[in-house]
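A closer look at the structure
Chain residues, written in single-letter form:
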Amino acid sequence: MTKKFSLTPYLFLSPALLAIAVFVLYPIAAVFFFSFTKYNISTPPVWVGLSNYQQLLKDSVFWLALQHSFTYLLVTPVLIFLSIVLAIIVNRQLPGINAFRAIYYIPVISGSIAVGISWRLIMGNNGLLNSLLISLGILDGPIQWLAEPGYALPIAMLVTTWMGLGYYMMIFLAGLQNINEDLYDAAQIDGCNAVQKHWHVSLPGLRPQLVMVAVVSSLAALQVFNEIYILFGRLGGVLNSGVTVVFYLWRKAFVLQQAGMASAIAIVLLVITLAFSVLNIRILEHGTEVE
Amino acid sequence: MRTKLFALLVLVSIVLAACAPAATQVAVEPQTIKETVVVKETQLVEQEVLITPTPGPNPMAVIDGVEDGAEITVWTFWLSPTFDAYIADVIAKFQEAYPGVTVNWEDHQATFQDDLRNSFAAGNAPDVINLSISEGWVTDFASQGNLLALDDLVPQEVIDTYFPNLWDQQLVDGKHYMFPYYQGIIVDLVNKQILDQAGLKVEDFPKTIDGLPAFCKTIVEKTDTLCDIRLTVTDLLAQMVYEGGVDILSEDGKTFTFDSPEAVEWLQMYADMVKDGSVDQTVLITTDDRVGLDLFTSGQAAFYNTGPNLIREVRANNPALYGYLDVVNAPVGKSGVVGKGLMAMSVNANTQYPKASVALAQFFTSAYSNLELAKLAAVYPSTPASYDDPFFAAAPVAIEDSAKPRAKDAVAALADIVPTVPSKAEVNEIVLQEIQKALFEGKDPQQALTDAVTAANELIK
Amino acid sequence: MGTIETTYNPAVPARGFNYKTAVGTFFWYVVLCLTAIITIFPFVWVLFTSLKGPADPIYSVPPQLFPTEPTFANYIRVWEQLPVANFFLNSITVSVTTVILNLIITSLAAYPLAKMKFKGRDAIFYLLLATFIIPPQLTSIPSFVLAVKVFKYYDSILALIFPSLATVLNIFMLRQAFRGVPNDLIEAGKIDGASELRIWWDILLPVVRPSLATAAIFTFVNQWNDFFWPSLMLHTRSHMTLQVGLVAMQGMMTSDARGMAAGVTMTVIPILIFFVLLQRHFVRGLSGAVKG
């Protein structure tokens, strides 16, 4: 490779860098600035210094939102476990297996809004779930699933998990099919049963996928919005039981017209996500061959 | 019609030109040539004028100085698709009265508030906006400076065409920001079947708000249904005033006082209902009125507080229920006033065409437009003149019309008894959070309200 | 460095009828069916609800799955009241355009990062890494202001395409893929006198096709499913994408559950058909692309 100076790398990079500069870097700087102002988008921002952050510290709903977002992270390990299991199950040459794989992917491609509306029809006070349980005699009267503060987050997490199964199953399936058959045979010879085979061969073989899925899924969990909006409406549920950090951000900025406060929330979210991702990658990459 | 006006003007100018002094003859001459050509046309039109006895400007064009070539947008709230033909008719008549103005129309439903807020933020909000008085949107947007004050733009004769109690609603700093549009009689729709199950009769329906909890309890105990009651979560202060007779502000309007015993009593009533498990919690705090309506329409609730105009939804979605539907007067709160107005038409403060927009807003809410809408749905005009139409004298036919005979008096009794609240949206948000704690977390209502008052007073200091 | 292409694993040949295998197979089918039921029962319920007329109860106890008088009236109603065709068209336009432009821009950017040595390469790489974790909603407020005041594409699908022109995830994925390409291929191209652009287009891109496919799928699905940003930008019905249109529909039909069900079904079924047709390419593209 010659050491001649060439413009080519920079030229190739420029469209991407330009787009990122305008749509990612500038907005981050702007949000940082807005977080120190009182701003309602239609009129120019007014500098207020650290007041937004101080208010946030005292805001019980914000802490609740943080708590909810962290709780939402539980979705990731559950989802990973279930999708790996599902991938292992569908990784066999039974006739019609492709049809099953396609069926499991339906929730993913339907979109979170269609999924949310469907689940809302089911979980509503007069929805399918209550009707079923009452007719089976398990319940006496309807349970207000979507209006009980304690149930809101678990229901949303259930919907998210349900939606993500097919998506991550496909990724793990592709990964499984990349694993050398001989490794399984070797394990068989060593006397491993089915579970041990997967533990010692499949899981290590899936490591790259695991890393990617863990990172992507946990980031998605911290950023969840659609499910909350559809299931619980503009208030975010009774007693803010469904309010996550991003939902609170949206509500502050676009419903209550307090974009300065919302920007402060955004910066806090950024710091948390950053710390979390670094941690995530460190833990998971440990031991894997990195480039 | 345009030709008539033009013809009249030409006629007048011909007469004046004929009487013009000789000195301007040179200047006039070229004009005469033009006029000669036009006179031919005029003669044809003159015959028209003789036949029809009412020449002159359109009687419905009551706003002067409308900008020519104006193009304005109007947003209506939940009127499509049911009233598409009506809206098209109103817009067509408007364009007859004010030729030269183009109107674009959009209808928004459940996301109306979000859409409107986003468009104000984006700077391309519609010129004329159909806002809900009952949800307090007019004062919301007016206090943010989004709406145009109408006081200097509307002539007194036009103001007089509205019920005074309706015109004077949703004031901010003493200024008017809306034309009252169609009004509702607030009633309770009743599901007779469920009442029978509970061993109750329609006459047993409470006449006052404080009779609701006991009534509810009986229903919940004897049937499998919950009570379908909705709090106006975006304007809880207003609800406190109407239902609880609460004084939310001090005399000088500088401190909040909604932690008074009356307020606590009001909140306690709802907290008790939640504790007894007799209300549907999703409906209680939904921002969307249709969610509560849906519960009733599906036959899962004994009653629902709404306007008779929504009976059409019941009819469309559950014809079986329509058969055993009844309508009763809504229970009155401690204030003695059942409610404020229902809908209004306002103008965007930043509109490029203020006169045209005011004209359209007024046209939508004119006696003609109100009457036409009243004929299509069980809503009632904000203009007394509409009630003189034989439509209102006719006896009620279906259950939707049952309120018709007493409509005029009911509408005349609607009043806005809520004082102007500073930082209304933010204070209501504080109140919402505290009230939720009292309702769902078992926080003591007095404590919740006092905390809210403290926070609110901090805000307006 | 791992395989780039892969084939499906060949089936283990059956060695005559084996009772144990038969039971095993039956067991797996049961598991698969149960999972399938869990996966699609909400949609089945919605489908049947959408076919029910006003006489068929949708909230009864016990619940009634099948309509006694199935009707398409709900679908007709939704079609007449909402520009559903526009919703689809807009979503397709946005997603396809974004995928094409995005792949070009990101693969172009990935090439130097993977294979070239130049000043600032590592700095740029780490900068991009840093932006990877930024949640899209975070930048929504300034992006909103940008869209309205600077680019003036509020209420247009351009507002959805521009911010997604370059995604860091794709740059990383493609960089990874490019790094797996043997340098000999590139050298050969240079000897033949090809410009870097030709090398990129003719040599590199075809080799990393599976990764491109994966990136395409990720980007497409992301754009298709996106609701938060489009809901802020699009307010005229005819400009809405599918997700925003669905929410508008939900808002319009809160007291019309049958209509709502019809609307949801109408949007899910075409996607389903499309996916079933493309399913094989999809899985093939995924396999071997992630580990690259």
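Per-chain numbering applies: the sequence of each chain, read as written, is numbered from 1 onward. Written order decides the labels, with chains lettered from A and ligands numbered from 1. Reporting in this predicted model follows two pLDDT cut-offs: at least 70 for local features of residues, and 80 or more for side-chain atom pairs to be given and counted; totals over whole chains, interfaces and linings ignore these cut-offs and use all residues. Side-chain figures throughout are based on the complete set of non-hydrogen atoms in the structure, without hydrogens or water.

Quick look at the interface of chain A and chain C
Counting residues at the interface gives 94 residues for chain A and 98 residues for chain C. Accessible-area loss on putting two parts together, using a 1.4 Å probe and summing over both, is the definition of buried area adopted here. For the pair chain A and chain C, the two sides together bury roughly 9,000 Å², of which 78% comes from carbon and sulfur. If you sort the residues of chain A by the area they bury against chain C, A:Phe12, A:Phe23 and A:Leu121 come out on top, with a joint share of 9%. Salt bridges are defined as contacts in which a side-chain nitrogen from Lys or Arg sits within 4 Å of a carboxyl oxygen from Asp or Glu. Taken together, the connections running from chain A to chain C amount to 0 salt bridges. Polar contacts, as used here, are pairs of N or O atoms within 3.5 Å; protein pairs need one atom able to donate a hydrogen and one able to accept it. Residues neighboring in sequence count only if both atoms are side-chain atoms. For the pair chain A and chain C, the interface holds 5 residue pairs in polar contact (both at pLDDT 80 or more). Amino acids outside the nonpolar list (Ala, Val, Leu, Ile, Met, Phe, Trp, Tyr, Cys, Pro) and the charged list (Asp, Glu, Lys, Arg) are all regarded as polar, and Gly is one of them. Residues belonging to the side of chain A that touches chain C are distributed by class as follows: 71 nonpolar, 18 polar and 5 charged. What makes two residues a contact is simply this: any of their non-hydrogen atoms within 4.5 Å.

Looking at the interface of chain B and chain A
Taken together, the contacts link 29 residues of chain B with 29 residues of chain A. Of the roughly 2,300 Å² buried between chain B and chain A on both sides combined, carbon and sulfur atoms contribute 46%. Among the residues chain B hides against chain A, the three largest losses belong to B:Asp114, B:Arg117 and B:Gln281. Together they make up 20% of the total. At the junction of chain B with chain A, the criterion picks out 2 salt bridges. Between A:Arg251 and B:Glu429 there is a salt bridge, with its nearest N and O atoms 2.7 Å apart. Scanning the region where chain B abuts chain A turns up 10 residue pairs in polar contact (both at pLDDT 80 or more).

Here we look at the confidence of the model for chain A
All names here are of chain A. Per-residue confidence from the prediction method is given by pLDDT, with values spanning 0 to 100. Of all residues in chain A, 96% attain a pLDDT of 70 or more, and the chain-wide mean is 85. Strands are runs of DSSP state E lasting at least 2 residues, helices are runs of H or I lasting at least 4, and numbering of each runs from the N terminus. Taking the mean pLDDT of every element in chain A, the minimum, 82, falls on helix 10 (residues 194–205) and the maximum, 92, on helix 3 (residues 60–72). Confidence drops under a pLDDT of 50 for residues 287–291, and excluding neighbours within four residues, the segment shows 5 contacts in the predicted structure.

Looking at the pattern of salt bridges
Applying the stated criterion across every chain, the model contains 17 salt bridges over all chains. Salt-bridge contacts for B:Asp89 lead to B:Lys93; the nearest nitrogen and oxygen are separated by 3.3 Å. A residue pair is termed a helical-turn pair when its members lie 3 or 4 positions apart in one helix, as B:Asp89 and B:Lys93 do in helix 3 (residues 84–97) at 4 residues. A relative accessible area of 25% places B:Asp89 in the partly exposed class. A relative accessible area of 25% means that B:Lys93 is categorised as partly exposed. Across the pair C:Arg121 and C:Asp122 runs a salt bridge, and its minimum N-O distance is 3.9 Å. Taken together, the shared-partner salt bridges in this structure form one network comprising B:Glu434, B:Lys437, B:Lys443 and B:Asp451. Three labels apply to residues, based on accessible area from a 1.4 Å probe with only protein chains included: buried if under 20% of the type maximum, exposed if over 50%, partly exposed otherwise in between.

Looking at the confidence of the model for chain B
Low pLDDT means the predicted atomic positions in that stretch should not be read closely. Residues and elements named next belong to chain B. The predicted model of chain B averages 83 in pLDDT, with 88% of residues at 70 or higher. When the elements of chain B are averaged for pLDDT, helix 2 (residues 25–51) gives the smallest value, 44, and strand 3 (residues 128–132) the largest, 94. Below pLDDT 50 for its whole length, residues 5–10 participates in 4 contacts with residues either more than four positions away or in separate chains. Here residues 15–55 is modelled with pLDDT under 50, and outside its nearest four sequence neighbours on either side it reaches 13 contacts, counting other chains as well. Complex prediction metrics read pTM 0.81 and ipTM 0.82.

Topic: the packing of aromatic side chains
Centres within 6.5 Å make a pair out of two Phe, Tyr or Trp rings, where for Trp the six-membered ring is used; the pair is then stacked when the planes are under 30 degrees apart, edge-to-face when over 60, and tilted otherwise. Evaluation of the coordinates by the stated rule reveals 60 aromatic pairs over all chains. An aromatic cluster of three or more residues is present, and its members are A:Phe32, A:Phe33, A:Phe34, A:Phe36, A:Tyr39, A:Trp47 and A:Tyr53. Charge-over-ring contacts are defined here by two conditions on Lys NZ or Arg CZ: a distance within 6 Å of the ring centre and an angle within 35 degrees of the ring normal. A cation over a ring is seen here: B:Arg290 above B:Trp78, with NZ or CZ 3.9 Å from the ring centre. The positively charged end of C:Arg175 is found above the aromatic ring belonging to C:Phe125, 4.1 Å away from the centroid.

Topic: the environment of B:Thr139
All names here are of chain B. Residue position: threonine 139 is located in helix 5 (residues 137–143). For threonine 139, a relative accessible area of 11% puts it in the buried group. Residues threonine 139 and threonine 351, spaced 212 residues apart in sequence, show a C-alpha to C-alpha distance of 18 Å. Ignoring anything within four residues of it in the chain, the contact list for threonine 139 reads Gln170, Leu171, Val172 and Lys424.

Examining the state of the cysteines
Residue and element names in this part refer to chain B. For this text, the term disulfide refers to a pair of cysteine sulfurs within 2.5 Å. By the definition in use, this model includes 1 disulfide over all chains. Paired by a disulfide, cysteine 216 and cysteine 227 hold their sulfur atoms 2.0 Å apart. Here cysteine 227 lies in the loop between helix 9 (212–222) and helix 10 (236–244) and cysteine 216 lies in helix 9, a separation of 11 residues in the sequence. Here cysteine 216 falls in the buried class, since its relative accessible area comes to 0%.

What about unusual backbone geometry?
Non-glycine residue A:Asn240 carries a positive phi angle of around 55°. Topologically, A:Asn240 is positioned in the loop between helix 12 (226–232) and helix 13 (245–255). Of note in this structure, C:Lys152 is not a glycine but carries a positive phi near 55°. Among the secondary structure elements, C:Lys152 is positioned in the loop between helix 5 (140–150) and helix 6 (158–161).

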